[in-house]
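Each chain is listed here by its residues.
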Amino acid sequence: MFKKELAKIVHLAWPLLIAQITQTLMGVSDTIMAGRFSATDMAAVAIGFSFTMPIIVFIQGIALALPPIISRLNGRKQDDDIANYTQQMMWLALGFSVLAVLFGFVFESVTQYIQMEADLGKIAVEYIQYVLFAMPAFALYQVLRNYCEGLSITKPSMIIMGIGLLVNIPANYVLIYGKFGLPEMGGAGCGLATGLVFLAMCIATWVYTIYAPQLQKFNLYKQFYAPNLKDIKECLFLGLPIAMTILFEVTLFAVVAILLAPFGSIMVASHQVALNFSALMFMIPLSIGMATSIRIGYLLGEERPVQAILTAKCAFVLAVSIAVFTATLTVLAREPIARLYSVDPEVIDLASNMLLLAAMFQFSDAVQIISGTALRGYKDTTAMFYLSLISYWLVGLSVGCVLALTDWVVPKMAGAGFWIGFIFGLSVAAVLLGARLRYIQNKHVT
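Note that residues are indexed from 1 along each chain, following the sequence as it is written. Thresholds applied to this predicted model are a pLDDT of at least 70 for local features of residues and 80 or more for the giving and counting of side-chain atom pairs; totals over whole chains, interfaces and linings are not thresholded and use all residues. Note: side-chain values were computed over all heavy atoms of the structure, leaving out hydrogens and water.

Trainee: Summarise a nonpolar patch on the surface; cite the residues concerned and give the values.
Mentor: Together, Leu196, Leu199, Ile203, Trp206, Val207, Tyr211 and Tyr221 make up an exposed nonpolar region whose accessible area comes to about 680 Å². Of note, leucine 199 is situated in helix 8 (residues 187-211). For each residue, the accessible area found with a 1.4 Å probe, counting protein chains only, is set against the maximum for its type, and the residue is called buried under 20%, exposed over 50%, and partly exposed in between. Residue classification places leucine 199 among the partly exposed residues on the basis of a relative accessible area of 42%. Candidate patch residues must exceed 30% relative accessible area and have no salt bridge, after which like charges are joined if within 9 Å and Val, Leu, Ile, Met, Phe, Trp or Tyr side chains if within 5 Å. Areas reported here follow the Shrake-Rupley algorithm with a probe of radius 1.4 Å; residue values treat only the protein chains shown as occluding. Salt bridges are counted wherever a side-chain nitrogen of Lys or Arg sits within 4 Å of a carboxyl oxygen of Asp or Glu. Numbering of helices and strands starts at the N terminus; helices are DSSP runs of H or I of at least 4 residues and strands are runs of E of at least 2.

Trainee: Mind laying out the side chain of glutamine 142, listing which residues take part and the relevant values?
Mentor: Tracing the backbone shows glutamine 142 in helix 6 (residues 135-150). Take glutamine 142: its relative accessible area is 3%, and that puts it in the buried class. Contact criterion: two residues are considered in contact whenever any of their non-hydrogen atoms come within 4.5 Å of each other. If we skip the residues at most four places from it in the chain, glutamine 142 touches Gln60 and Ala63.

Trainee: Just give me the short version of the nonpolar core, but keep the residues and values in it.
Mentor: The tendency in soluble globular proteins is for nonpolar side chains to be buried side by side. Ranked by internal contacts, the top residues of the largest apolar core, which has 59 residues, are Met89, Met135, Tyr147, Leu151, Phe198, Met201 and Leu215. Setting aside its immediate chain neighbours within four residues, methionine 201 contacts Met26, Tyr141, Ile160, Met161 and Gly164. For the purposes of this section, nonpolar cores are sets of buried Ala, Val, Leu, Ile, Met, Phe, Trp, Tyr and Cys residues that join through side-chain atoms within 4.5 Å.

Trainee: I'd like a rundown of helix 7 (residues 155-177), residues and numbers included.
Mentor: The end-to-end C-alpha distance of helix 7 is 34 Å, a good match for the 33 Å that 23 residues give at a rise of 1.5 Å each. Backbone geometry just downstream of helix 7 places glycine 178 in the positive-phi region, at approximately 70°. Take the number of residues in a helix, subtract one, and multiply by 1.5 Å to get its expected span.

Trainee: Explain unusual backbone geometry to me, and be specific about the residues and the numbers.
Mentor: For lysine 77, which is not glycine, the phi dihedral falls at a positive 65°. The residue lysine 77 is located in the loop between helix 3 (66-75) and helix 4 (79-110) in this model. Taking the relative accessible area as the measure of exposure, lysine 77 reaches 54% and is therefore exposed.

Trainee: Give me the lowdown on the packing of helix 10 (residues 265-301) against helix 15 (residues 415-445), citing residues and values where you can.
Mentor: Helix axes are fitted only over the stretch in contact, all axes being lines through C-alpha atoms; the angle between N-to-C directions runs from 0 to 180 degrees. Look at helix 10 against helix 15: their axes get within 13 Å of each other, and the N-to-C directions meet at 5°. Here helix 10 lies roughly parallel to helix 15, going by the angle between them. Two secondary-structure elements touch here, helix 10 through Met267, His271, Ala274, Leu275, Ser278 and Leu300 and helix 15 through Gly415, Trp419, Phe422 and His444. In this classification, the charged set is Asp, Glu, Lys and Arg, the nonpolar set is Ala, Val, Leu, Ile, Met, Phe, Trp, Tyr, Cys and Pro, and all remaining amino acids, among them Gly, are polar. Here the residues of the contact of helix 10 with helix 15 are counted per class, giving 6 nonpolar, 4 polar and no charged. When describing relative orientation, an angle under 35 degrees is termed roughly parallel and one over 145 degrees roughly antiparallel, while 65 to 115 degrees is termed roughly perpendicular and anything else oblique.

Printed below as a string of structure tokens:
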């Protein structure tokens, strides 16, 4: 039984892992290609990304409420309700995307309060506007992607994300460098390329949901469902805590980068190396967690709560086992890993030390993400949000600030202090979310 359930999680998770890695590669290609055009354009893309990423993450988080809803309906064989909830999520996500578009129109006036060189500001504004104007396409893509994943159909996400990458690289090349008679757009072209990628993925996913044989019985487009306040509220109630949890986690790392700035570029660069590699390793437990959420929702729909507990146990064993491997790899190969990111000896040395802490970071990160995503499967997202907020910000950031910026406990540790703070915060999250998961599991069994 354990092996059978483990195999089902792996079957769901591996396409999600490829999709997540491909999404990361898009960001890498944007930075590299803009950087090769000019340092100013690369900086503009970095600034633009810092403004658009919270919006992208928020809409993505809202849409993540759909898989636990759909998987449970699918387990109950309530196929008629699946189309309704998917369309209600479309209304909700599109509503937020329209707000993003409106923000794009007024963003230029916001930049007057930000001290930037004129050229840098102009490119950043254009990048941001191109990305934000494509938010409706991104929102629809996210809803349709989560519709498929909620039905345990995960391979299309991998394939369509691959299509996005195939569009992204040549579009960047043509628009940034002005090929085929088009003007050179630099970093702004990178923003337009991102918008075109969102559109391409939206269209590809839409076509798939129309013609895929395994989706025909769900009749997503057979009937038009007008906005239903009750159902939209349910989607929002589940999605908003997920969106805010992800947003708080993303902004935590951004705040730490800012707090490290007074220690100099070497420290910030070293921190970024450790963070970037850790983010790549994080894709593995995240993908397992997403699969776990889908599987638990389906089993609860079938009224098999004991099997849902087994699913969570399988996910924990798989994620922690992989964390042992990735942590060992990080420790043994920390210097070669650092050399992949930089040729500066100081950055390599400092980043290698931070990667030791990043190895410890991976165990608690694996446990807390499996606990959190399993709670999504139980539709228990509000408690997850509060527990994550306490763990990340009140514990993790506080401990990090004390160790990194003060001499209260030990002499200022700078970047290493924040990484110890991350370990504390994620360990607390693992304990609290794990305890919450056990409580919710017992409620469903009894």
